[in-house]
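Inside the fold
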Amino acid sequence: MTAAVSSASAAGPTPAPVTPANPKGALGKNEFLKLLVAQMKNQDPLNPTSGDQMAAQLAQFSSLEQLQNINATLDTQKISSNTIIDSIQTGAAMGTIGKLVVANGNGLMIGSEDPRADTVRATIGGSGGRATLNIMDGNGVIVGTRDLGVVSAGVADFPLSTAGDTLTPGRYAFTVSVTDAAGSSSNAATSVMGRVDAVTATSNGPVLMIGGLAVPFSSVTEIRN
């Protein structure tokens, strides 16, 4: 008795799907040219495409090619511009080595040889108020605190004083909270200060090393000798 053959086996393996040349459905210049040639080959000999129509289609092809060339040129220029910007930023960052910088941030290095590491900076907003300095460890837990008294609005530097006396040398973070006359509390904008020891190039731009702290060059607000 002859065994039955399934339709799937008789038909053979299912052909793999064909990936389109332009997955996004865009009509490239090669596809446009092939389409134009196919149209010319298959046109009605009794009613051929007029010269005006042919000229218009060729103009469309030329415009398409020019636009693609312009896009390629712009992409190349963008890469070149980014390379130039990176080089300028790296060069400027290298120029900060040995200089005192001020940058936006709240990093703190306890036990640094830089004497400025024992001082933090904050910009007090509004009309000022009673301020408190808090030092946090890597888990965000407050491990040191100091009452700064009543402070006025503006930029002010505060020594760590007793807030860091019992802390193990290492990296910490700090906040300066201010309570105004109405009893409303908020954190002041903070800055880090110190002399630049080294510069590291990263994919996000140059990073300054200040007494063990990594500070993005883009966050620098002031450079002094």
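Note that this is a predicted model, so its numbers are computed, not measured.

Time to look at the sheet that holds strand E10 (residues 198–202). Where strands meet in a sheet, backbone hydrogen bonds hold them as pairs that are either parallel or antiparallel. If you trace the three strands from one edge of the open sheet to the other, you get E10-E11-E12, paired in antiparallel fashion. Of all strands in the sheet, those with a lone pairing partner are E10 and strand E12 (213–216), marking the two edges. Direction aside, neighbouring strands of the sheet carry axes that sit 30 degrees apart on average. Summarising the sheet, strand E11 (residues 205–210) and E12 pair through four bridges and their orientation is antiparallel. Bridge pairing in E12 links Val-207 to Pro-216.

The five strands are arranged E6-E3-E9-E1-E13 in an open sheet whose pairing can be described as antiparallel. This sheet does not close on itself; its edge strands, each paired only once, are strand E6 (154–159) and strand E13 (220–224). Across this sheet, the average inter-strand angle for adjacent strands is 25 degrees, counted without regard to direction. Pairing geometry for strand E1 (residues 100–104) and E13, over four bridges, is antiparallel. Bridged to Leu-100 within E13 is Arg-224.

For the rest of this paragraph, the subject is unusual backbone geometry. Non-glycine residue Ser-161 carries a positive phi angle of around 55 degrees. Examined against the element boundaries, Ser-161 turns out to sit in the loop between E6 and strand E7 (170–179).

The rules behind these values
- Going along each chain's sequence as written, the residues are numbered from 1 onward.
- Selection of residues for local features in this predicted model requires a pLDDT of at least 70, selection of side-chain atom pairs for listing and counting requires 80 or more, and totals for whole chains, interfaces and linings are taken over all residues.
- With hydrogens and water set aside, each side-chain value is computed from the structure's full complement of heavy atoms.
- Strands were regarded as paired on the criterion that DSSP finds at least two bridges between them.
- Helix and strand assignments come from DSSP, with helices taken as H or I runs of at least 4 residues and strands as E runs of at least 2, each series counted from the N terminus.
- Working convention: axes come from line fits to C-alpha atoms, limited for helices to the stretch in contact. Angles between N-to-C directions cover 0 to 180 degrees.

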